[in-house]
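# Secondary and tertiary structure notes
Spelled out, the chains give:
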Amino acid sequence: MRFLNLFLLAFALLFTAACGQQQQQPSAEPPPEPQAQAPQPDPRMMERQRAQQEAGELRFVVDKSDRKVRVYRGDEVIRTHDVAVGDSEHETPSGSWQFDRVDINPEWIPPDSEWAEDRERRGPGDPQNPMGRARLVFNMPYTIHGTDNLESLGQAASHGSIRVANSIVIELAELLLRAGGAWDGQDWFRNMLDSRNEEFQIRLERPIPIEVVD
């Protein structure tokens, strides 16, 4: 009987020791938390920033005396084009403003002026629309806009706005969109031009200075 008691005691001690070892084993470590992924660059913003850097700091000067528009990058003249300005009864105002919008295929709504009383609204793509292919807005209703009346360039022949050839206004519109931080690529620009019966108004993220001088 004594031997049996010793055997049971020894068995209980061994069992208790085994359970204690199992309890002392370290628990498994929790899985590491997933690391947050770095934000991916926005391709559209990258394209706009690249175009803006390439265009540089621009300003436009329209000289009514020689009827030309000059585009400056810093102190360097990078473009010069003939323009038509307002005639003696509808002079183009002198002053300093900023381009803040570019209209592609602009609609024309007659202004509240005596000369336009009998004129009709002309939609985008209308052959009789006097705004041409693009309109560069700085002080509505005064703008730089396109024309196919090339004989008027170099003359005081408009009702106050500034005319340039349609081919030139498209190039100036692209330049403004690039420098103004609103450029979304060549395909985007070409698609707007090809949609002749639809107007597109694009706000510039960075307005571009223009000065009209006597």
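The structure under discussion appears in the preceding block.
Residues numbered from 1 in each chain as written. Predicted model: local features only at pLDDT ≥ 70, side-chain atom pairs only at ≥ 80, totals over all residues. Heavy atoms only, no water.

### Concerning the pairing of strand S5 (residues 95–104)
The line we're drawing: Pairing between two strands requires that DSSP report at least two bridges joining them. A run of H or I in DSSP counts as a helix once it spans at least four residues, and a run of E counts as a strand once it spans at least two, with each numbered from the N terminus.
When S5 meets strand S10 (residues 200–213), the two strands line up antiparallel, connected through 9 bridges. Across the sheet, Gly95 pairs through a bridge with Val212, a residue of S10. Bridging between S5 and strand S6 (residues 134–139) involves 4 bridges; their strand directions are antiparallel. Bridging from a neighbouring strand, Arg101 pairs with Val137 of S6.

### Thoughts on the environment of Glu57
Convention followed: Residues count as neighbours in contact if any of their non-hydrogen atoms are within 4.5 Å of one another.
Structurally, Glu57 can be placed in the loop between helix H2 (43–55) and strand S1 (58–63). When the C-alpha atoms of Glu57 and Gly180 are compared, they prove to be 9.3 Å apart, with 123 residues separating the residues in sequence. The contacts of Glu57, once residues within four sequence positions are left out, are Tyr72, Arg73, Gly74 and Arg206.

### Remarks on the pattern of salt bridges
Selection criterion: When a carboxyl oxygen of Asp or Glu is within 4 Å of a side-chain nitrogen of Lys or Arg, the pair counts as a salt bridge. Burial status follows relative accessibility: with a 1.4 Å probe on protein chains alone, a residue under 20% of its type maximum counts as buried, one over 50% as exposed, and anything between as partly exposed.
Scanning the entire structure with this criterion turns up 17 salt bridges. Put simply, Asp100 and Arg203 hold a salt bridge, and the shortest N to O gap is 3.5 Å. Of this pair, Asp100 sits in strand S5 while Arg203 is found in strand S10, placing the two residues 103 residues apart along the sequence. Under the relative-accessibility criterion, Asp100 is labelled partly exposed at 29%. When its relative accessible area of 51% is taken as the criterion, Arg203 is described as exposed. The partner of Glu174 in a salt bridge is Arg178, with the nearest N and O atoms 3.1 Å apart. Pair noted here: Glu174 and Arg178 are both in helix H3 (residues 166–179), with a separation of 4 residues, about one helical turn. You can call Arg178 buried: its relative accessible area is 17%.

### Brief notes about the side chain of Arg163
Defined as follows: Note that His is not counted, nor are the chain ends; the positive residues are Lys and Arg, and the negative ones are Asp and Glu. Under this definition, polar contacts are N or O atom pairs within 3.5 Å; protein pairs additionally need one hydrogen-donor-capable and one acceptor-capable atom, and for neighbouring residues in sequence, both atoms have to be side-chain atoms.
Inspection of the secondary structure puts Arg163 in strand S9 (residues 162–165). Although Arg163 is buried, it forms no salt bridge, and the closest oppositely charged side chain is Asp87 at an N-O distance of 7.5 Å. Separated by 3.1 Å, the side chains of Arg163 and Ser152 make a polar contact. Those residues in contact with Arg163 that lie beyond four places of it in its chain are Asp82, Val83, Ala84, His145, Thr147, Asn149, Ser152, Leu153, Ala157 and Ser158.

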